[in-house]
Amino acid sequence: MQTVIREYLEAADDSIVEFVEEVKSGKAWKNKKISVGTVSSQMADDIMDIAGVKSSEGGNILLNVSAVEHILKRHGENGVADRSMKNNLDIARINYVLQNYDHAILGDSVSYTFR
């Protein structure tokens, strides 16, 4: 478990931190998006099984301004749902979570449980 914790903590992507800061400051243009990782074979299979949507292994996973705004509003420092992403570094670890999830389900939006 200590290895997983260490890997998670070290997985923060500086470009995502910068993007989140741009969004927070209002400096990010509305249609801006950044790649936060790629679709794994397992993820492509799970997306098809869960949502019936074909996804290509190796395809880019994009984070856009509205997604960051949602994360900040719902899960940021003053999140209305929780404060699980109050630190920008937590958001910047999104690719680690996506590449290491255990289970995915379709709800109001796709959600992932992390080991």
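Here the structure is a predicted model, which means the values were calculated and not measured. (Residues numbered from 1 in each chain as written. Predicted model: local features only at pLDDT ≥ 70, side-chain atom pairs only at ≥ 80, totals over all residues. Heavy atoms only, no water.)

Enquirer: What's the story with the overall build of the protein chain in this structure? I'm lost.
Expert: Across its full length, the protein chain carries six helices and four strands. Ordered by position from N to C terminus, the α and β elements of the protein chain give α-α-β-α-β-α-α-α-β-β. For 115 residues, the compact-globule estimate of 2.2 N^0.38 gives 13 Å, and the C-alpha radius of gyration of the protein chain, at 14 Å, lies within 12% of that figure. Overall, the C-alpha framework of the protein chain stretches about 40 × 35 × 25 Å when taken along its three principal axes. Scored against the burial criterion, the 115 residues of the protein chain give a buried share of 27%. At a minimum sequence separation of 6, the contacts of the protein chain that also span at least 24 residues come to 53%. For the protein chain, the exposed area adds up to about 7,500 Å²; of that, 49% sits on carbon and sulfur atoms. For the protein chain, the separation between the mean place of its 13 positive charges and that of its 17 negative charges on side chains is 7 Å. (Helix = DSSP H or I, 4+ residues; strand = E, 2+ residues; numbered from the N terminus. Rg over C-alpha atoms; globule rule 2.2 N^0.38 Å. Buried < 20%, exposed > 50% of the residue type's maximum accessible area, 1.4 Å probe, protein only. Contact = heavy atoms within 4.5 Å. Areas by Shrake-Rupley, 256 points an atom, 1.4 Å probe, with all protein chains shown as cover. Lys, Arg positive; Asp, Glu negative; His and termini not counted. Charge placed at Lys NZ, Arg CZ, Asp CG, Glu CD.)

Enquirer: Just to check I follow, could you spell out the environment of Ala-44 for this structure?
Expert: The topology assignment puts Ala-44 in helix α3 (residues 41–51). C-alpha separation for the pair Ala-44 and Gly-79, spaced 35 residues apart in sequence, amounts to 30 Å. Residues contacting Ala-44, with those up to four places away along its chain left out, are Val-39, Ser-55 and Glu-57.

Enquirer: Whenever I open this one, the packing of aromatic side chains confuses me. Can you help?
Expert: For any pair of aromatic rings, the description consists of the separation of the ring centres together with the inter-plane angle of the planes. Evaluated as defined, the whole model comprises one aromatic pair. Relative to Tyr-96, the ring of Tyr-8 lies with its centre 6.1 Å away and its plane at 65°, an arrangement referred to as edge-to-face. Of this pair, Tyr-8 sits in helix α1 (residues 2–10) while Tyr-96 sits in helix α6 (residues 94–99), and the two are 88 residues apart along the sequence. Judged by its relative accessible area of 12%, Tyr-96 is buried. (Phe/Tyr/Trp six-rings, centres within 6.5 Å; stacked < 30°, edge-to-face > 60°.)

Enquirer: Looking at this structure, I do not really get α3. What am I missing?
Expert: In an α-helix, one turn spans 3.6 residues; hence positions three or four apart end up facing the same way. Those residues of α3 that sit buried are Met-43, Ala-44 and Asp-46. End-on view of α3: buried residues confined to an arc of 165°, all on one side of the axis. Buried residues along α3 sit against β1 (33–38), β2 (60–64), α6 and β3 (101–106). Gly-52 sits one or two positions beyond α3 and adopts a positive phi of about 70°. (Arc of directions from axis to C-beta.)

Enquirer: In this structure, what is going on with the pattern of salt bridges? I would like to understand it.
Expert: Opposite charge on two side chains permits them to pair, given that their charged atoms come into close proximity. By the definition in use, this model includes four salt bridges. A salt bridge links Glu-22 to Lys-32; the nearest nitrogen and oxygen atoms lie 2.9 Å apart. Of the two residues, Glu-22 is situated in helix α2 (residues 14–25) and Lys-32 in the loop between α2 and β1; the sequence distance between them amounts to ten residues. Notably, a salt bridge pairs Arg-93 with Asp-90, separated by 3.1 Å at the nearest N-O pair. Taken as a pair, Arg-93 and Asp-90 share a single burial class, namely buried. (Salt bridge = Lys/Arg side-chain N within 4 Å of Asp/Glu carboxyl O.)

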